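# Summary of the model geometry
Given next are the chains, with one letter for each unit.
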Amino acid sequence: MPQPIRKVVIAGGGTAGWMAAALLSRLATNLDIRLIESDEIGTIGVGEATIPAIKTFNRLAGIDEDAFMRATQASFKLGIAFNGWNGEGSSYMHGFGKIGQDLGWLRMHHYWVKARGSGRVPQNLADYSINTAAAYAGRFMRSRPDMPESPLRDIAYAYHFDAGLFARFLRGEAEGRGVRRTEGKIIDVAQRSDDGFIEAVVLEGGERIDGELFIDCSGLRGLLIEQTLKTGYEDWTHLLPCDRAVAVPCASTPDFVPYTKATARAAGWQWRIPLQHRIGNGYVFSSAHISEYEATATLLANLDGEALADPRVIRFTTGRRKKSWNRNVVAIGLSGGFLEPLESTSIHLIQSHLLRLLSLFPDTAFDPRTIDEFNAQSEFEFSRIRDFIIAHYYLNNRDEPLWRACRDIALPEALRRKLDNFAAAGRVFKDGEELFAEESWIQVLIGQGLIPESYDPFVDLQPDERIIRYLNDIARVITKCVGVMPSHADYVAGQVAAGRM
Ligand SMILES: Cc1cc2nc3c(=O)[nH]c(=O)nc-3n(C[C@H](O)[C@H](O)[C@H](O)COP(=O)(O)OP(=O)(O)OC[C@H]3O[C@@H](n4cnc5c(N)ncnc54)[C@H](O)[C@@H]3O)c2cc1C
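Values in this document were obtained by computation on a predicted structure and should not be read as measured data.

Quick look at the overall build of the chain now. Along its length, the chain carries 15 helices and 21 strands. Rg of the C-alpha trace for the chain: 23 Å, near the compact-globule value of 23 Å for 501 residues, within the 12% margin. Along the longest, intermediate and shortest principal axes, the C-alpha atoms of the chain span 75 × 55 × 50 Å. With 501 residues in all, the chain has 58% of them scored as buried. Long-range pairs, those at least 24 residues apart, make up 76% of the contacts in the chain between residues at least 6 apart in sequence. Only carbon and sulfur atoms are counted for the fraction: they give 49% of the accessible area of the chain, which is about 20400 Å². Across the chain, the centroid of the 56 positively charged side chains sits 3 Å from that of the 63 negatively charged ones.

A separate point is the domain arrangement of the chain. Considered domain by domain, the chain is made up of domain 1 (7-48 + 162-235 + 322-366), domain 2 (99-160 + 387-488) and domain 3 (244-315). Summarising the inter-unit geometry, the C-alpha centres of domain 1 and domain 3 are found 29 Å apart. At the interface, 9 residues of domain 1 touch 13 residues of domain 3. Each partner contributes to the roughly 870 Å² buried at the junction of domain 1 and domain 3, and carbon and sulfur atoms together form 60% of this total. The largest share of the area that domain 1 buries against domain 3 comes from V46, E48 and D162, three residues that together contribute 50% of it. Linking domain 1 with domain 3 are 2 salt bridges. For R278, the salt bridge goes to E48, with nearest N and O atoms at 2.9 Å. In this assembly, domain 1 and domain 3 are joined by 5 residue pairs in polar contact (both at pLDDT 80 or more). Here the residues of the side of domain 1 that touches domain 3 sort into 5 nonpolar, 1 polar and 3 charged.

Looking at the secondary structure, you find N396 in the loop between α10 (368-394) and α11 (401-406). According to the relative accessible area criterion, N396 is buried, its value standing at 4%. Once residues within four sequence positions are removed from consideration, N396 is found in contact with W85, W403, C406, R407 and Q448.

For the coordinates displayed, the defined rule picks out 28 aromatic pairs. Ring geometry for F76 against Y491: centres 5.8 Å apart, planes inclined by 70 degrees, an arrangement best described as edge-to-face. In this pair, F76 sits in strand β3 (residues 75-77) while Y491 sits in helix α15 (residues 488-497), placing the two residues 415 residues apart along the sequence. Residue Y491 is classed as buried on the basis of its relative accessible area, which comes to 10%. Between the aromatic rings of F82 and Y92, the centroid separation amounts to 5.1 Å while the plane-to-plane angle is 15 degrees, which identifies the pairing as stacked. Placement of the pair is F82 in strand β4 (residues 79-83) and Y92 in strand β5 (residues 91-95), with a sequence separation of 10 residues.

Glancing now at a nonpolar patch on the surface. There is a patch of nonpolar side chains on the surface, built from W105, F458 and L461 and spanning about 420 Å² of accessible area. Relative to the elements of secondary structure, L461 occurs in the loop between α13 (438-447) and α14 (464-484). Taking the relative accessible area as the measure of exposure, L461 reaches 65% and is therefore exposed.

Let us now look at the packing of helix α4 (residues 108-115) against α14. Where α4 meets α14, the axes come as close as 10 Å, and the angle between the chain directions of the two elements is 115 degrees. Remark: the crossing between α4 and α14 carries left-handed chirality. Judged by residue contacts, M108, Y111, W112, K114 and A115 of α4 engage D464, I467, I468, Y470, L471 and I474 from α14. When its residues are assigned to classes, the contact of α4 with α14 shows 9 nonpolar, no polar and 2 charged.

We now examine the sheet that holds strand β10 (residues 208-210). The 3 strands are arranged β8-β9-β10 in an open sheet whose pairing can be described as antiparallel. Every other strand in the sheet has two partners, leaving β8 (186-191) and β10 as the edge strands with one partner each. For this sheet the average axis-to-axis angle between neighbouring strands, irrespective of direction, equals 25 degrees. Direction of pairing for β8 relative to strand β9 (residues 198-203): antiparallel, over a ladder of 5 bridges. Bridge pairing in β9 links A190 to A200.

Definitions and limits used
- The residue count restarts for each chain, going from 1 along the sequence in the order it is written.
- Restriction of local features to residues with pLDDT of at least 70 applies here, the model being predicted, together with a cutoff of 80 or more for giving and counting side-chain atom pairs; totals for whole chains, interfaces and linings are based on all residues.
- Note that water and hydrogens are dropped before the side-chain values are worked out from all heavy atoms of the structure.
- Secondary structure elements follow DSSP: runs of H or I of four or more residues count as helices, runs of E of two or more count as strands, with numbering from the N terminus.
- Using C-alpha atoms as the atom set, the radius of gyration is obtained and then compared with a globule rule of 2.2 Å times the number of residues to the power 0.38.
- Using a 1.4 Å probe on the protein chains alone, a residue whose accessible area is under 20% of its type maximum counts as buried, one over 50% counts as exposed, and one in between counts as partly exposed.
- Two residues form a contact once any of their heavy atoms are found within 4.5 Å.
- Computed with a 1.4 Å probe, the accessible areas rest on the Shrake-Rupley method; for each residue, only the protein chains presented here act as cover.
- For the charge count, each Lys or Arg is scored as positive and each Asp or Glu as negative, with His and the chain ends excluded.
- Charge placement uses NZ in Lys and CZ in Arg. For Asp and Glu, CG and CD serve respectively.
- Marked domain ranges trace back to an automatic or database domain assignment.
- Once two parts are brought into contact, the accessible area they lose, counted with a 1.4 Å probe and summed over both, makes up the buried area.
- We count a salt bridge whenever a side-chain nitrogen from Lys or Arg sits within 4 Å of a carboxyl oxygen from Asp or Glu.
- Distance and chemistry together define a polar contact, namely a pair of N or O atoms within 3.5 Å, with one atom able to donate a hydrogen and the other to accept it when in protein, and with adjacent residues in sequence counting only for side-chain atoms on both sides.
- The nonpolar class holds Ala, Val, Leu, Ile, Met, Phe, Trp, Tyr, Cys and Pro. Asp, Glu, Lys and Arg form the charged class, and all remaining residues, Gly among them, are polar.
- Each pair of aromatic rings taken from Phe, Tyr and Trp, with Trp reduced to its six-membered ring, is defined by centres within 6.5 Å and is described as stacked if the planes are under 30 degrees apart, edge-to-face if over 60, and tilted in the remaining cases.
- A patch is a set of surface residues, each over 30% in relative accessible area and not in a salt bridge, joined within 9 Å for like charges and within 5 Å for the nonpolar side chains Val, Leu, Ile, Met, Phe, Trp and Tyr.
- To obtain each axis, a line is fitted to C-alpha atoms, and for helices this fit is confined to the stretch in contact; angles are then taken between N-to-C directions over 0 to 180 degrees.
- The crossing is said to be left-handed when, going from far helix to near helix, the turn is anticlockwise and less than a right angle, and right-handed when the turn is clockwise.
- Pairing between strands is defined by DSSP: at least two bridges between the two strands are required.

Laid out in structure tokens, this is it:
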């Protein structure tokens with residue numbers, strides 16, 4: 001008879017391992033959870049920018065926002081500024097949250113597409129969104145739900161944080177709820193002879209740790225899911241050519257902005273992530289187009305402050321494990337796949353896979369139908385995020401060899417349809433449970449220069465003067481609201497670092 005799962009083993013103590021431990025120990029209180037991590041192997045040591053859904057994780061894991069932000073030296077993130085993607089000197093923002101306000105039943109950008117050529121409305125889409133306007137102005141505040149008529153009622157945000165400190169913070173939470181951590185290196189894995197299910201992991205020194213469900217959080221190596229179970233990997237390098245990153249922190253500058261910068265470079269792009277105590281930087285690049293040496297030199301030449309450590313190169317293969325869940329192993333984090341950090345989605349994928357595991361939690365029978373459902377959902381989620389990232393590369397307007405090659409990427413069918421629909425009349429549809437909402441697609445596609453040829457015909461049912469007034473009203477209200485917001489630096493110092501009263 002199938003029994004409830006009692007013993008869970010988490011292999012790995014990076015962001016994925018400790019997120020798993022913190023969430024499971026909070027929501028599944030009668031599990032015996034063991035986590036094994038190796039100080040000698042260490043963690044990948046990057047992964048600092050998130051998307052707003054992380055607030056759901058924190059809430060479910062019972063995390064207090066200010067305490068978490070203090071512990072992880074976090075800053076607020078309103079979006080990502082893409083500099084140079086649409087040609088040198090260009091800039092646009094993918095902000096979280098809404099753009100303007102709908103009129104009738106249409107989204108604002110349809111009216112903007114019609115009116116933008118008139119010279120009578122703001123040209124920049126960023127002027128119509130509280131997130132993007134505030135981000136460019138370096139301002140931030142949390143939402144004011146007590147002001148239901150104002151754009152301030154709903155300010156969508158995420159965080160930048162120190163990934164190492166985040167794992168340490170979660171460890172404190174998880175251990176406080178009884179998760180047992182063992183430091184040591186897994187050197188062997190015991191499998192059932194009949195079906196290959198994993199029975200135990202064996203540590204250097206001989207300790208054997210038994211389990212029923214194994215969560216593989218061992219990072220890119222995929223210790224259980226790949227090295228043991230040989231699950232296979234779907235390589236997406238032909239769709240997303242960057243395969244390396246070089247990362248280095250640098251000293252803070254007064255420019256403490258509430259957004260990530262993603263600046264296009266000759267053979268990839270550079271991230272800049274401002275934290276309270278330092279700035280995280282990295283150059284994600286295609287090794288076919290630049291050497292590690294040159295990429296490192298480019299990164300070091302483009303830091304805003306003094307480098308605080310030696311630059312570190314990380315090699316990766318974009319793609320996903322053919323099955324995230326195989327037998328009694330669920331791969332979460334980098335062991336399950338990797339999409340480059342352009343839209344800060346990896347930590348989100350950890351979260352979504354954990355929630356998926358909870359919603360499809362097995363018993364000892366490990367029903368294959370449950371596992372198939374998990375894998376189908378995972379495949380869908382990964383591939384739709386992949387498509388969103390591809391759109392940034394495909395629609396670039398740069399002239400170096402990497403960027404020219406990206407304009408020839410053979411697009412996946414779902415993405416091709418999305419771009420065609422948008423190009424025709426600015427229409428975009430969220431595909432089922434895909435992560436990125438219409439607002440994200442609209443900002444990125446327009447930002448990358450895909451201005452729709454036309455707009456929804458319903459726009460023409462509104463008098464032109466009404467449209468001009470409507471667009472100007474939105475931009476005016478946004479400017480006024482941004483004007484009353486404190487600077488991001490003041491807000492963090494006053495509301496977070498010092499602790500709210
Ligand atoms: C260049 C780059 C930039 C990124 N930026 C972002 C970002 O901005 N936002 C975002 O959301 N994500 C980002 N990511 C992804 C993010 O870093 C990862 O999703 C996150 O850190 C999770 O990593 P992990 O826990 O899966 O793996 P790791 O951090 O590699 O942890 C693996 C763990 O397994 C342990 N382990 C491995 N083998 C053994 C063994 N044999 N015995 C015992 N223990 C073992 C290690 O000791 C470690 O504790 C980025 C990734 C890269 C490569």
